[in-house]
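For reference, the chains in residue letters:
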Amino acid sequence: MNIMDFNVKKLAADAGTFLSRAVQFTEEKLGQAEKTELDAHLENLLSKAECTKTWTEKILKQTEVLLQPNPNARIEEFVYEKLDRKAPSRINNPELLGQYMIDAGTEFGPGTAYGNALIKCGETQKRIGTADRELIQTSALNFLTPLRNFIEGDYKTIAKERKLLQNKRLDLDAAKTRLKKAKAAETRASQLNSARLEGDNIMIWAEEVTKSEQELRITQSEFDRQAEITRLLLEGISSTHAHHLRCLNDFVEAQMTYYAQCYQYMLDLQKQLGRCFPSNYHCNNNQTSVAPIPSASSNVAGSPALTSTSGLVMTSPPNLIDLKECSGSRKARVLYDYDAANSSELSLLADEVITVFSVVGMDSDWLMGERGTQKGRVPITYLELLN
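Below is a summary of the structure that appears in this document. (Residues numbered from 1 in each chain as written. Predicted model: local features only at pLDDT ≥ 70, side-chain atom pairs only at ≥ 80, totals over all residues. Heavy atoms only, no water.)

### Comments concerning a nonpolar patch on the surface
Link 1 in the chain: Residues Ile 91, Leu 96 and Tyr 100 make up a contiguous nonpolar surface patch of about 300 Å² in total accessible area.
Link 2 in the chain: Positionally, Tyr 100 belongs in helix α4 (residues 93–108). (Patch = residues over 30% accessible without salt bridge, like charges linked within 9 Å, V, L, I, M, F, W, Y side chains within 5 Å. Areas by Shrake-Rupley, 256 points an atom, 1.4 Å probe, with all protein chains shown as cover. Salt bridge = Lys/Arg side-chain N within 4 Å of Asp/Glu carboxyl O. Helix = DSSP H or I, 4+ residues; strand = E, 2+ residues; numbered from the N terminus.)

What follows is the structure, encoded as structure tokens:
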């Protein structure tokens with residue numbers, strides 16, 4: 001029974017405090033009550049903490065998007081993290097692309113130029129996928145986790161103490177308002193001394209003033225104590241910035257390692273592909289196909305050249321140039337498959353041997369080819385003249 005009485009009294013006291021704060025807050029918003037302003041240093045610290053929290057959240061979210069562009073995967077990882085369980089390992093995009101390339105190269109034939117190149121590219125893509133996985137793991141541990149700990153830990157503590165400071169300020173201002181009202185009532189009562197009743201009123205309001213002054217001293221002490229606690233917490237933001245700076249440096253180093261690995265992998269792949277292609281192939285950054293179109297001009301050295309629709313430039317080997325300058329026919333091996341664009345051209349298959357000869361007046365980038373009874377124009381850059 002005593003416990004129940006205590007709970008009821010506590011509930012009533014809490015309700016009264018809440019109501020007092022609500023009234024004070026409303027009157028402040030309406031400009032009907034004075035508000036105790038925090039000192040400039042504390043206001044600056046609060047502003048700095050809020051700014052830190054806002055930008056840390058934005059950087060955290062965008063870094064997560066950078067490392068994991070798939071929103072569904074991010075949601076899945078978030079759920080597993082909240083359940084304190086390890087998310088299942090999934091193949092990433094470079095690894096998946098690499099596996100497709102390897103499978104395609106295997107089906108086309110590792111002995112063919114295209115199949116061999118696909119396999120080499122696939123293996124490189126898988127290595128890039130592994131490096132990408134290592135970047136994500138390192139960044140999550142050294143960069144994302146500290147940022148998330150600040151948002152979900154340190155800043156929540158700051159926000160809790162800040163809210164408590166706001167409540168203590170409302171209590172202080174409410175106490176100031178009650179004291180002001182009590183003093184005003186005491187003054188009015190002292191001016192009315194015509195009856196004994198008024199004398200009783202003076203004593204009542206004097207007691208009310210004394211009670212309000214005591215309450216003000218208590219609320220002022222609690223407010224000052226809470227302001228000091230909040231200030232000490234907020235001053236830790238500078239240490240947070242220093243810690244996040246170290247984490248940022250770790251993130252930059254992880255990215256630098258990742259991009260250096262990718263560059264080295266692609267450099268090695270370029271060298272491997274360079275050994276697979278003949279020296280007469282020169283590709284620009286926009287190549288997408290190798291279907292040749294006769295060029296309207298020659299290159300600066302005077303050698304005939306072909307330009308594809310994608311900008312792929314293929315210069316003629318010297319022995320084929322010599323063939324165009326003399327009469328007679330020679331045997332030539334086909335380097336790559338070629339589909340005839342029209343009836344005047346001859347389709348080619350890689351590694352087959354055909355007879356080629358020059359025709360007076362024919363474009364410098366083409367020869368006439370023969371395969372049995374079939375005859376038609378063939379691009380010279382697809383041929384290797386045999387001795």
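From this point, the narrative continues.
### As for the packing of aromatic side chains
Link 1 in the chain: According to the stated counting rule, one finds 7 aromatic pairs in the structure shown.
Link 2 in the chain: Ring geometry for Tyr 338 versus Tyr 382: centroids 5.4 Å apart, planes at 65°, classification edge-to-face. Of this pair, Tyr 338 sits in the loop between β5 (329–334) and β6 (353–357) while Tyr 382 sits in the loop between β8 (374–379) and β9 (383–385); the two residues are 44 residues apart in sequence, bridging distant segments of the chain.
Link 3 in the chain: In this structure Tyr 382 comes out as buried when scored by relative accessible area, which is 1%.
Link 4 in the chain: In textbook terms, an aromatic cluster arises when at least three aromatic residues are bridged by ring pairs, as seen for Tyr 336, Tyr 338, Trp 366 and Tyr 382.
Link 5 in the chain: Between the NZ or CZ atom of Lys 58 and the centre of the ring of Trp 55, over which it lies, the distance is 4.5 Å. (Phe/Tyr/Trp six-rings, centres within 6.5 Å; stacked < 30°, edge-to-face > 60°. Buried < 20%, exposed > 50% of the residue type's maximum accessible area, 1.4 Å probe, protein only. Lys NZ or Arg CZ within 6 Å of the ring centre and 35° of its normal.)

### A few points about the side chain of Lys 168
Link 1 in the chain: As for its position among the elements, Lys 168 is in helix α5 (residues 113–191).
Link 2 in the chain: The exposure class of Lys 168 is buried, given its relative accessible area of 19%.
Link 3 in the chain: For Lys 168, the contacting residues outside a window of four places in its chain are Glu 222, Phe 223 and Gln 226. (Contact = heavy atoms within 4.5 Å.)

### Topic: the nonpolar core
Link 1 in the chain: Within the largest apolar cluster, 20 residues are counted, with the highest numbers of intra-cluster contacts made by Leu 38, Leu 42, Leu 165 and Leu 234.
Link 2 in the chain: For this core, the secondary-structure elements that each account for two or more residues are α2 (40–67), α5 and α6 (196–235).
Link 3 in the chain: Here the element with the most residues in this core is α5; it accounts for 9 residues.
Link 4 in the chain: Sequence-distant contacts of Leu 42, defined by excluding residues within four places in its chain, comprise Leu 165, Ala 227, Arg 231 and Leu 234. (Core = buried A, V, L, I, M, F, W, Y, C linked by side-chain atoms within 4.5 Å.)

### Examining the pattern of salt bridges
Link 1 in the chain: According to the stated counting rule, one finds 14 salt bridges in the structure shown.
Link 2 in the chain: In this structure, Arg 162 and Glu 50 form a salt bridge, with 3.7 Å as the shortest nitrogen-oxygen distance. Of this pair, Arg 162 sits in helix α5 while Glu 50 sits in helix α2, and the two are 112 residues apart along the sequence.
Link 3 in the chain: Look at Arg 162 and you get partly exposed, because its relative accessible area is 35%.

### With respect to the pairing of β8
Link 1 in the chain: In this sheet, β8 lies alongside strand β7 (residues 366–371) in antiparallel orientation, the contact comprising 6 bridges. Of the residues in β8, the one forming a bridge with Glu 370 is Lys 375. (Pairing = 2+ DSSP bridges.)

### What about the pairing of β5?
Link 1 in the chain: Taken together, the 5 bridges between β5 and β6 define a ladder with antiparallel strand orientation. Along β6, the bridge assignment pairs Ala 332 with Ile 354.
Link 2 in the chain: Sheet analysis places β5 next to β9, joined by 3 bridges and oriented antiparallel. By the bridge assignment for β9, Ala 332 is matched with Leu 385.

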